[in-house]
Every structure is written in C-alpha cells, then in structure tokens.
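Survey of secondary and tertiary structure
Chain by chain, the residues run as shown.
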Amino acid sequence: MDLSGRTVFIVGGTSGIGRELARRFAAAGSTVAVGGRDARALSELAAEGLGTVSVDVTDSGSVAAARDAVLARFPELDTVVTMAGAMLLEDLRDPAHFEAARTTIDTNLIGTIRTIDAFTPHLVARGSGTFITVTSGIAFLPFPPMPTYAASKAAVHAYSEALRAQLDSTGVGVVELVPPAVATSAQEQVNPHALPLGDFAQEVMDLLAQEPTPREILVKGVLMHRWAERDGTYDDLVAQRSQALAMLPGRTA
Ligand SMILES: NC(=O)c1ccc[n+]([C@@H]2O[C@H](COP(=O)([O-])OP(=O)(O)OC[C@H]3O[C@@H](n4cnc5c(N)ncnc54)[C@H](OP(=O)(O)O)[C@@H]3O)[C@@H](O)[C@H]2O)c1
C-alpha cells in the first residue's frame, strides 16, 4: 500500500507499537488519528500534530462516539488499525485469574470486533480501505504464562480470515499484523529480549509498503512462531516456552 497518502485511525495508538506506527505513517505523509483512554498521552500526541480521540474499546458507546468524532474530522478515513490490547499474565491454578481473562477477551477480541463493526459501514460505503488487525506470534505458538492472551489473539487471527472473506469484492482489505515480542512497556516484565521497537516498526512499514500488501505482516522475528506447526518445531518450542511459567508468582518451572 502507498503509505504517503492515507488517512489512518489507530485505535490503541497512545503508546508502544501503535504510537510508533502512528508517527511513522505521519512521517510518510499520511494523515493520522490515534485513539486510547490515556488523556495525557492523547494531549502529547495532539501537540505533535496527530488527530486524537478518547476511546475505550470495552465500551460500545465510547467506540461509536469515537467513530463519529473521527469521521467528522477525517471523512476521507481509509485505514483503521485495531491495535488496542491487554497483555496479562495468568496463573490458571488460581481462580482469581478470571478477571484478567475477562479483561483480555473484552479488550483484545470483543474490542476488535466493536471497532471493526463501527467502521465497516463507512469503509464499505467508500468502496475502498483497509482494516489492519493485530494478533501476535503467540496466536500461533502459545506462551503458557499468558493463556487467555493467546486465545484472544488466535481468535482475532481466525476473525480476520473470515472478515477478509466477507469483505471480498467490497474494496475493503484486511491485513493482519503479527508482532513477535517487541520492546514496549507491555513487555517489560515478560521479555527482556524483545525486538527493539524502532527496528520492528521499520520492518513493518517496509512490509506494508509492498504491492500488493501482504495479508499477514510477518517480520523476520515472528516466522518461527508463525510456522512452528508447519515446520514441526511446535512441541519443542511450547515445552521451551513453558519454562517461563516460573515467572508466575509462587511457581517454579
Ligand atoms: N509488544 C509486544 O511484544 C507485542 C507482541 C505481539 C502483539 N502485540 C500487540 O500489539 C498491540 C500493542 O501492544 P504494545 O506492546 O504496544 O502495548 P502498549 O504499549 O501497552 O499499548 C497498548 C495500547 O492499547 C491501548 N488500549 C488498551 N486497552 C484499551 C482500551 N480498553 N480501550 C482503548 N485502548 C486501549 C492503550 O491505550 P490507553 O492505555 O491509552 O487506553 C495503548 O495505546 C496489542 O494488541 C498487543 O497485544 C504486542
């Protein structure tokens, strides 16, 4: 896709990967709006010249209000990125994990569906545009300390596939961004070896710029996760990643 002339709304653009991609889309010449709950982060991004809107993807009314605000200011909107996500550790031996599970599904899966539903009529009516959904290498290769996170991202992968098929011939495409571990604040307690954010974002922008746009944005660092089952490495890698269960409070490997 041409990254220089798009009008992009990144839901979950107030920090981490979303904020970095927002800045890079803007630097490439696109018009960019970001959404999130953090008012301070939103005002800092507004000061950089980005459009900003407050949105909580766990609240349908908030998503609808954000949609209306974005379309009023940016009627040419052609790209919606469903970046909002929660990455929570859970100990499944402790039933108290349930609240984390509920938050994870409500944010990562239902939040994605709420956002897509809000913008589908607009994109279909204009006859062109792109949804960029966000999954994870963990959608394809579980990371046992984050079970509901893995389930949510596997679900968003499946949903993205079905959405692409349902939007076929409308002119609206669906691109799935599949990050590996990337060094954002969400990763601090989980993975000190995560990919530097700038390196990851550069690879993502290079892949997005390809024509035609790949259906899945797979940086080199995620290929081992994405293709583990195909490559026969899945069982060994899951066993290896299970050692990380020691990071749960009260557990040993
Ligand atoms: N970093 C990684 O290693 C990694 C790997 C694979 C996939 N991912 C995925 O990439 C995405 C971004 O992750 P990140 O590492 O950049 O995390 P991050 O820095 O914590 O950013 C998360 C973003 O989601 C927004 N968000 C969370 N809950 C929200 C809600 N209820 N309503 C609206 N916005 C909400 C946050 O905004 P507010 O706080 O302002 O609401 C923030 O902008 C997530 O979907 C994550 O699962 C990350």
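See the structure shown above.
Given the structure is predicted, the values throughout are model-derived calculations rather than measurements.

**Describing the overall build of the protein**
- Helix and strand content of the protein: nine helices and seven strands.
- On C-alpha atoms alone, the protein measures out to a radius of gyration of 18 Å, which is about the 18 Å that the 2.2 N^0.38 rule sets for 253 residues.
- Its C-alpha atoms give the protein principal-axis dimensions of about 55 × 35 × 35 Å.
- The buried share of the protein, reckoned over its 253 residues, is 50%.
- Long-range pairs, those at least 24 residues apart, make up 66% of the contacts in the protein with a sequence separation of at least 6.
- Treating the 20 positive side-chain charges of the protein as one cloud and the 29 negative ones as another, the clouds have centres 1 Å apart.

**Some points on helix α6 (residues 197-208)**
- Between its terminal C-alpha atoms α6 stretches 16 Å, which fits the 16 Å expected from 12 residues at 1.5 Å a residue.
- Residues Leu-197, Phe-200, Ala-201, Glu-203, Val-204, Met-205, Leu-207 and Leu-208 constitute the buried set of α6.
- Looking at the packing, one finds that the buried side of α6 touches α1 (16-27), β5 (129-134), β6 (172-177) and β7 (216-217).

**Quick notes on the site of the ligand**
- Not every one of the 31 residues close to the ligand is listed here, only the nearest: Thr-14, Arg-37, Tyr-149, Val-182 and Thr-184.
- At 2.8 Å from an oxygen atom of the ligand is found a main-chain nitrogen or oxygen belonging to Asp-38.
- Met-83 is positioned with one of its backbone polar atoms (N or O) 2.9 Å from an oxygen atom of the ligand.
- Burial of the ligand by the surrounding chains reaches 92%, relative to a free accessible area of 870 Å².
- Put simply, the parts of the chain that give the shell around the ligand at least two residues each are α1 and α5 (147-166).
- Across the shell around the ligand, the residue classes tally to 13 nonpolar, 14 polar and four charged.

**Points about the packing of aromatic side chains**
- By the definition in use, this model includes one aromatic pair.
- The ring of Trp-227 is capped by Arg-226, whose NZ or CZ atom sits 4.3 Å from the centre of that ring.

**Observations concerning the environment of Val-70**
- Tracing the backbone shows Val-70 in helix α3 (residues 60-73).
- Residues Val-70 and Phe-9, spaced 61 residues apart in sequence, show a C-alpha to C-alpha distance of 7.8 Å.
- Setting aside residues no more than four positions away along its own chain, Val-70 makes contact with Phe-9, Val-53 and Leu-77.

**Topic: the nonpolar core**
- Core analysis: the biggest nonpolar cluster contains 34 residues, and Ile-10, Leu-21, Val-34, Met-83, Leu-177, Val-204 and Leu-208 have the highest contact counts within it.
- Those elements giving two or more residues to this core turn out to be β1 (7-11), α1, β2 (31-36), α2 (39-47), β5, β6 and α6.
- At seven residues, α6 tops the list of elements feeding residues into this core.
- Other than its neighbours up to four places away in sequence, Leu-21 contacts Ile-10, Met-83, Leu-177, Ala-201, Val-204 and Met-205.
- Core analysis: the next-biggest nonpolar cluster, separate from the first, contains 22 residues, Val-11, Val-53, Val-70 and Leu-167 among them.

**Things to note about the sheet that holds β1**
- In space, the seven strands of this open sheet follow the order β3-β2-β1-β4-β5-β6-β7, with parallel pairing throughout. The outermost strands of the open sheet, each flanked by one partner alone, are β3 (51-54) and β7.
- Here β1 pairs with β2 via five bridges, running parallel. Bridging from a neighbouring strand, Val-11 pairs with Gly-35 of β2.
- Contacting β2 and β3, α2 crosses the sheet at an angle of about 165° to β3.

**Let's talk about the packing of α3 against helix α4 (residues 98-126)**
- At a closest axis distance of 9 Å, the pairing of α3 and α4 adopts a crossing angle of 35°. Judged by the sense of rotation from one axis to the other, the crossing of α3 with α4 is right-handed. For the pair α3 and α4, contact is made by Ser-60, Val-63, Arg-67 and Leu-71 and by Arg-114, Thr-115, Ala-118, Phe-119 and His-122, respectively.

**As for unusual backbone geometry**
- The omega torsion of the bond from Glu-211 to Pro-212 falls at -10°, within 30 degrees of zero and hence cis.
- Mapped onto the secondary structure, Pro-212 falls in the loop between α6 and β7.
- The backbone phi angle of Ser-169 is positive, close to 80°, even though this residue is not glycine.
- Counting through the fold element by element, Ser-169 comes out in the loop between α5 and β6.

**Describing the packing of α1 against α6**
- Between α1 and α6, whose axes approach to 10 Å, the crossing angle comes to 55°. Taken together, the axes of α1 and α6 are oblique relative to one another. Seen from above, α1 lies across α6 with right-handed handedness. Across the interface between the two elements, Gly-16, Ile-17, Glu-20, Leu-21, Arg-24 and Phe-25 of α1 pack against Leu-197, Gly-198, Phe-200, Ala-201, Gln-202, Val-204, Met-205 and Leu-208 of α6.
- Of the residues that constitute the contact of α1 with α6, the class distribution is nine nonpolar, three polar and two charged.

About the thresholds
- Residues numbered from 1 in each chain as written.
- Predicted model: local features only at pLDDT ≥ 70, side-chain atom pairs only at ≥ 80, totals over all residues.
- Heavy atoms only, no water.
- Helix = DSSP H or I, 4+ residues; strand = E, 2+ residues; numbered from the N terminus.
- Rg over C-alpha atoms; globule rule 2.2 N^0.38 Å.
- Buried < 20%, exposed > 50% of the residue type's maximum accessible area, 1.4 Å probe, protein only.
- Contact = heavy atoms within 4.5 Å.
- Lys, Arg positive; Asp, Glu negative; His and termini not counted.
- Charge placed at Lys NZ, Arg CZ, Asp CG, Glu CD.
- Expected span 1.5 Å × (residues − 1).
- Near = heavy atom within 4 Å.
- Polar contact = N/O pair within 3.5 Å; in protein donor to acceptor, adjacent residues only side chain to side chain.
- Areas by Shrake-Rupley, 256 points an atom, 1.4 Å probe, with all protein chains shown as cover.
- Nonpolar A, V, L, I, M, F, W, Y, C, P; charged D, E, K, R; others polar.
- Phe/Tyr/Trp six-rings, centres within 6.5 Å; stacked < 30°, edge-to-face > 60°.
- Lys NZ or Arg CZ within 6 Å of the ring centre and 35° of its normal.
- Core = buried A, V, L, I, M, F, W, Y, C linked by side-chain atoms within 4.5 Å.
- Pairing = 2+ DSSP bridges.
- Axes fitted to C-alpha atoms, helices over the stretch in contact; angles between N-to-C directions.
- Left-handed = near helix turned anticlockwise from the far one by under 90°.
- Parallel < 35°, antiparallel > 145°, perpendicular 65-115°, else oblique.

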